[in-house]
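Listed here are the chains, written in short residue letters.
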Amino acid sequence: MDWILSNMATVILAILGIMTVGVAIILIKEWIKYKDELEAGTSWGISGGIGLVVNFFDTLGIGSFAPTTALLKAFKQTDDRLIPGILNVGCCIPVLTEALIFIQKVEVEPITLFGMLFASAFGAWVGAGIVSKFDTQKVRLVMGVALLITAFLMLVGLMGWMPVGGDAIGLTGAKLIVAIAINFVLGAMMTAGVGLYAPCMALVYLMGMSPLMAFPIMMGSCAMLMPVATLRFVKEKAYNRKASIAITIGGIIGVFIAVYLVTSLPMTVLRWLVIAVVVYTAIVMLRAYAKGGKSAA
């Protein structure tokens, strides 16, 4: 037990690595089994390009589900009923790759990383039958307004009008407990279609941590969840195999390009990027609320 506590980052990397290999094996087996039955209306080039673009921006914290949905529909790559499966299966390995790279490149205090990652995973598991029943419109409105307020507080801190944000690589005491509890809620909120990236960025910033810490935390949180969804969609054959494999390949390339950009940005520029992502997500949620329809997270 002592070894695990002192090597939590290594344990997390091992778990994510096993998940990555497992999902890769599943996709390879699907390719071998159905290579002569792949979807004729799907283009390797277009779907791969979509994967590269959306996962590049996903690595910057924008999120990949909504833009992937929009691009798949715009280029008529698949039936609408298969899009949820493509989102989860196609983006799974790129997200796992993001988590593996950032956890290695960015030094986060192990207890903070471990606690927040598994809190989000447990929150999604517990929240599946509870939060998913919440009124979607109210969730969008509350989260949209909350993110705008958070973005304003970030801006205030960045401009030096009041001390907000910091350079800590971990949390202790009450702050750690609060962060774990909120990430549990964010994990649960994912089951209601609320993306975790922007709220997690805001949480990390307001807890006084460096904005760079948000990347391994938010990506690791999502990486813990997506393999389970992938297994479900593959088992039910509710996804487009060709599009998912192409998005996976293109997505991995996009991730490596974006990781270099994020880890080489000056901290001030990164703080502005975080604010931009939070404001963007708030606007998307409020627009969805105004339209009253459902949109991808």
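What counts, and at which threshold
- Residues numbered from 1 in each chain as written.
- Predicted model: local features only at pLDDT ≥ 70, side-chain atom pairs only at ≥ 80, totals over all residues.
- Heavy atoms only, no water.
- Helix = DSSP H or I, 4+ residues; strand = E, 2+ residues; numbered from the N terminus.
- Rg over C-alpha atoms; globule rule 2.2 N^0.38 Å.
- Buried < 20%, exposed > 50% of the residue type's maximum accessible area, 1.4 Å probe, protein only.
- Contact = heavy atoms within 4.5 Å.
- Areas by Shrake-Rupley, 256 points an atom, 1.4 Å probe, with all protein chains shown as cover.
- Axes fitted to C-alpha atoms, helices over the stretch in contact; angles between N-to-C directions.
- Left-handed = near helix turned anticlockwise from the far one by under 90°.
- Nonpolar A, V, L, I, M, F, W, Y, C, P; charged D, E, K, R; others polar.
- Arc of directions from axis to C-beta.
- Expected span 1.5 Å × (residues − 1).
- Bend = angle between axes of the 7 residues up to and from the residue.
- Parallel < 35°, antiparallel > 145°, perpendicular 65-115°, else oblique.
- Core = buried A, V, L, I, M, F, W, Y, C linked by side-chain atoms within 4.5 Å.
- Phe/Tyr/Trp six-rings, centres within 6.5 Å; stacked < 30°, edge-to-face > 60°.
- Lys NZ or Arg CZ within 6 Å of the ring centre and 35° of its normal.

Trainee: In this structure, what is going on with the overall build of the chain? I would like to understand it.
Mentor: Secondary structure assignment for the chain yields 12 helices and zero strands. By the compact-globule yardstick of 19 Å for 297 residues, the chain fits well, its C-alpha radius of gyration being 19 Å. For the chain, the spread of C-alpha atoms along the principal axes amounts to about 60 × 50 × 40 Å. A buried classification covers 51% of the 297 residues belonging to the chain. Of all intrachain contacts in the chain linking residues separated by at least 6 positions in sequence, the fraction that spans at least 24 positions is 86%. Summed over its atoms, the accessible surface of the chain is roughly 13600 Å², and 71% of this surface lies on carbon and sulfur atoms.

Trainee: What exactly am I supposed to notice about the packing of helix 3 (residues 44–59) against helix 11 (residues 241–264) here?
Mentor: A pair of packed helices is captured by two measures, namely the crossing angle of their axes and the spacing between those axes. Orientation of helix 3 relative to helix 11, taken along the N-to-C sense of each, is 35°, at an axis distance of 6 Å. The hand of the helix 3/helix 11 crossing is right-handed. Tallied by class, residues from the contact of helix 3 with helix 11 come to 14 nonpolar, eight polar and one charged.

Trainee: I'm lost on helix 4 (residues 65–74) in this one. Help?
Mentor: Residues that lie three or four places apart on an α-helix share one face, since the helix turns once every 3.6 residues. Buried within helix 4 we find Thr68, Thr69 and Leu72. Projected down its long axis, helix 4 shows its buried positions confined to an angular sector of 100°, all on one face. Looking at the buried residues of helix 4, the elements they touch are helix 3, helix 5 (83–105) and helix 11. Phi turns positive, to about 50°, at Lys76, one or two residues after helix 4.

Trainee: Before we go on, may I ask you to explain helix 5 in this structure?
Mentor: The terminal C-alpha atoms of helix 5, which comprises 23 residues, lie 32 Å apart, in line with the 33 Å expected from a rise of 1.5 Å per residue. Of all bends in helix 5, the biggest is about 45°, found at Cys92, and the proline Pro94 comes one to four residues later. With 20 of 23 residues buried, helix 5 is to be regarded as a mostly interior element.

Trainee: I would appreciate a short explanation of the packing of helix 5 against helix 11 in the present structure.
Mentor: The interhelical angle for the contact between helix 5 and helix 11, taken along N-to-C directions, is 25°, at an axis separation of 8 Å. Taken together, the axes of helix 5 and helix 11 lie roughly parallel to each other. Of the two elements, helix 5 crosses helix 11, and the hand of that crossing is right-handed. For the pair formed by helix 5 and helix 11, the contact residues are Ile86, Val89, Gly90, Cys91, Ile93, Pro94, Thr97, Glu98, Ile101, Phe102 and Lys105 on the first element and Ala243, Ser244, Ile247, Thr248, Gly251, Ile252, Val255, Phe256, Val259, Val262 and Thr263 on the second. Class assignment for the residues of the contact of helix 5 with helix 11 results in 14 nonpolar, six polar and two charged.

Trainee: Explain the nonpolar core to me, please; I cannot follow it from the model alone.
Mentor: Soluble globular proteins tend to bury their nonpolar side chains together. If you look at the biggest cluster of nonpolar residues, it comprises 82 residues, and the most contacted ones within it are Leu16, Phe215, Ile217 and Met218. Here this core takes 14 residues from helix 5, the largest share from any one element.

Trainee: What should I look at first to understand the packing of aromatic side chains in this one?
Mentor: For any two aromatic rings, the description comes down to two numbers: the centre-to-centre distance and the angle of the planes. A full pass over the atoms with the stated rule returns five aromatic pairs. Ring centres 5.9 Å apart and planes at 70° place the aromatic pair Trp31 and Trp44 in the edge-to-face group. Of the two residues, Trp31 is situated in helix 2 (residues 8–34) and Trp44 in helix 3; the sequence distance between them amounts to 13 residues. A residue is classified by how much of its surface remains accessible, and Trp31, at 35% relative accessible area, is partly exposed. Exposure remark for Trp44: the relative accessible area of 35% places this residue in the partly exposed category. Considering the side-chain rings of Phe102 and Phe215, the 5.3 Å spacing of their centres and the 25° angle between planes classify their relative orientation as stacked. With Phe102 in helix 5 and Phe215 in helix 10 (residues 214–235), the pair connects residues that are 113 residues apart, well separated along the chain. Overall, the relative accessible area of 0% leaves Phe215 in the buried class. Over the ring of Phe233 we find Arg232; its NZ or CZ atom is 4.4 Å from the centre of that ring. Over the aromatic face of Tyr34 sits the side chain of Arg241, whose NZ or CZ is 3.6 Å from the ring centroid.

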